[in-house]
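Working through the structure, step by step
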Amino acid sequence: MQKLVFLTGAGISAESGITTFRDSGGLWEQYRVEDVASIDGYYRDPQLVTNFYNERRRQLQDAQPNEAHKLVAQLEAKYDVCVVTQNVDDLHERAGSTNIIHLHGELRKITSSRNPNDPSQIETLPPGKSITYPDDRARDGSPARPFIVWFGEPVPMIEAAARQVAEADIMVVVGTSLNVYPAAGLVNYARTDAHIYLIDPSPTNVPQYLNIHVIAKKASEGMRQLCNEL
Ligand code: APR
């Protein structure tokens, strides 16, 4: 079986009603990154950060996987698929994908603020619970924080993701502005003979030194075209 690796970003979930970050009306027009997505912001105002992620979870609760997530999952019938996602939503899981690497954490999980990447500290919120409070405690007694990789923090899953990309026969980038490193650098790990596609209605930061086949469409329509072309 050929190996197919996806790198997905907020754009794949846009048609599910999830707000992207850098589009007009996106989250980074409404909030300051350093307030809600940095460790300093968290210690400065835990209530603001907690509210922000509670709101993200509330939005996710009302969302369903869209056709793009479903087509990604269906490709497992024909390919050895790995989904590397920058998204913290669980729409790839809910669409049926079984091999997913979350680079930037997961909204439905909380962890210790002392040892955020210790696996024994990471807890999934029970179904139906989407609100957390600043005085919630992690298993080690420290304040429980969202299991989210904030700006300035290490990205522990990047090496596993790079290994997957290096093995890919086909790489497909969907719905990311390729602004945020190290995730945006993953395309550089693709073999020189790998086929790289990029699906995005407004492609930005497309590396010109790589031979990338751009499908300038929304995720669901672009995924339909990709499935026909593969
Ligand atoms: N289908 C496909 N792509 C879309 C759609 C759609 N319906 N709508 C918007 N897009 C594209 C935009 O054109 C843009 O290129 O999705 C991309 C979204 O880019 P960003 O908002 O920058 O999101 P992303 O690249 O995932 O951000 C990376 O930044 O703040 C952080 O940690 C956060 O993981 C996130 C990271």
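The structure displayed is predicted, hence computed values, not measured ones.

Turning our attention to the site of the ligand. Around the ligand sit 22 residues in total, of which Phe21, Arg22, Thr176, Ser177 and Asp200 are the nearest. Separating an oxygen atom of the ligand from a backbone N or O atom of Gly175 is a distance of 3.3 Å. One of the side-chain N or O atoms of Thr176 is found 2.7 Å from an oxygen atom in the ligand. When the free accessible area of the ligand is taken as 740 Å², the share hidden by the protein chains comes to 93%.

On to the nonpolar core, then. Of all hydrophobic cores here, the largest spans 26 residues; its most connected members are Leu7, Val84, Leu103, Met171, Val173 and Leu186. Where this core is concerned, the elements lending two or more residues are β1 (3-8), β2 (80-85), α7 (158-167), β7 (170-174) and β8 (195-199). When residues of this core are assigned to their parent elements, the largest contribution, 4 residues, is made by α7. When near neighbours in sequence (up to four residues on either side) are disregarded, Leu7 contacts Val84, Gln86, Leu103, Met171, Val172, Val173, Val174, Leu178, Ala183 and Leu186. The next biggest cluster of nonpolar side chains, apart from the first, holds 19 residues, and it includes Tyr79, Val83, Tyr197 and Ile199.

Here is what the cut-offs are and how they apply
- Residues numbered from 1 in each chain as written.
- Predicted model: local features only at pLDDT ≥ 70, side-chain atom pairs only at ≥ 80, totals over all residues.
- Heavy atoms only, no water.
- Near = heavy atom within 4 Å.
- Polar contact = N/O pair within 3.5 Å; in protein donor to acceptor, adjacent residues only side chain to side chain.
- Areas by Shrake-Rupley, 256 points an atom, 1.4 Å probe, with all protein chains shown as cover.
- Core = buried A, V, L, I, M, F, W, Y, C linked by side-chain atoms within 4.5 Å.
- Buried < 20%, exposed > 50% of the residue type's maximum accessible area, 1.4 Å probe, protein only.
- Helix = DSSP H or I, 4+ residues; strand = E, 2+ residues; numbered from the N terminus.
- Contact = heavy atoms within 4.5 Å.

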